[in-house]
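# A closer look at the structure
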Amino acid sequence: MLERTGWRRIEYRILRTAFMLKLTIILNGQPRKKSRFEAHYRTALESQFTLDVRETTGEGHANALASEAATAGADAILAAGGDGTLNQVVNGIMQSGNT
């Protein structure tokens, strides 16, 4: 039989999993930025969010990916790259009409 604290831990895990936010990350596809994300951030984020990582493949691609994510109902969208990636992600979200 589980102690009270054991039950609380199980209840917490169930509730946390049931209500995890869907986080979409628009990741600049450059190898250096991609490897930094994989090495330092992915595992930590996966433990707290339902994670959807989308990599850019060229100029303007972040705009389309962000628009798709906003339309699909992502709870939060994070731009992982530089100024250009951030600019495109913001524009994509605004163009989707789901702000």
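### Some remarks on the environment of Gly-58
You can see Gly-58 is positioned in the loop between β2 (50–55) and α4 (61–72). It is 8.1 Å that separates the C-alpha atoms of Gly-58 and Gly-29, two residues lying 29 residues apart in sequence.

### Examining α4
Between its terminal C-alpha atoms α4 stretches 17 Å, which fits the 16 Å expected from twelve residues at 1.5 Å a residue. Among all positions in α4, only Ala-62, Asn-63, Leu-65, Ala-66, Ala-69 and Ala-70 are buried. Down the axis of α4, the buried side of the element spans an arc of 165°, and every buried residue falls inside it. In α4, the exposed positions that point more than 90 degrees away from the buried face belong to Thr-71 and Ala-72. Positive backbone phi, approximately 90°, marks Gly-73, located one or two places after α4.

### Concerning the pairing of strand β1 (residues 22–27)
Buried residues dominate β1, accounting for five of its six residues. As paired elements, β1 and β2 share six bridges and run parallel to each other. Looking at β2, one finds that Ile-25 is bridged to Val-53.

### A short note on the sheet that holds strand β3 (residues 76–80)
Strand order in the open sheet formed by three strands is β2-β1-β3, with parallel pairing between adjacent strands. The open sheet has two edge strands, β2 and β3, and neither has a second partner. Strand-to-strand, the axes of this sheet are offset by a mean angle of 20°, without reference to chain direction.

### Details of the environment of Phe-19
Structurally, Phe-19 is set in the loop between α1 (4–18) and β1. On the accessibility criterion, Phe-19 (64% relative accessible area) is exposed. For the pair Phe-19 and Phe-49, spaced 30 residues apart in sequence, the C-alpha separation works out to 9.1 Å.

### What about the pattern of salt bridges?
By the definition in use, this model includes five salt bridges. For Arg-42, the salt bridge goes to Glu-38, with nearest N and O atoms at 3.0 Å. Arg-42 sits in the partly exposed class, given a relative accessible area of 25%. Glu-38 sits in the partly exposed class, given a relative accessible area of 33%. Among the salt bridges present, the one from Glu-68 reaches Arg-54, with a minimum N-O distance of 3.5 Å.

### A closer look at the side chain of Arg-54
With respect to the secondary-structure elements, Arg-54 resides in strand β2. Engagement of the side chain of Arg-54 in a polar contact is seen with the side chain of Glu-68, the distance being 3.5 Å. If we skip the residues at most four places from it in the chain, Arg-54 touches Thr-24, Ile-25, Ile-26, Leu-27, Leu-65, Glu-68 and Ala-69.

Cut-offs applied
Residues numbered from 1 in each chain as written. Predicted model: local features only at pLDDT ≥ 70, side-chain atom pairs only at ≥ 80, totals over all residues. Heavy atoms only, no water. Helix = DSSP H or I, 4+ residues; strand = E, 2+ residues; numbered from the N terminus. Expected span 1.5 Å × (residues − 1). Buried < 20%, exposed > 50% of the residue type's maximum accessible area, 1.4 Å probe, protein only. Arc of directions from axis to C-beta. Pairing = 2+ DSSP bridges. Axes fitted to C-alpha atoms, helices over the stretch in contact; angles between N-to-C directions. Salt bridge = Lys/Arg side-chain N within 4 Å of Asp/Glu carboxyl O. Polar contact = N/O pair within 3.5 Å; in protein donor to acceptor, adjacent residues only side chain to side chain. Contact = heavy atoms within 4.5 Å.

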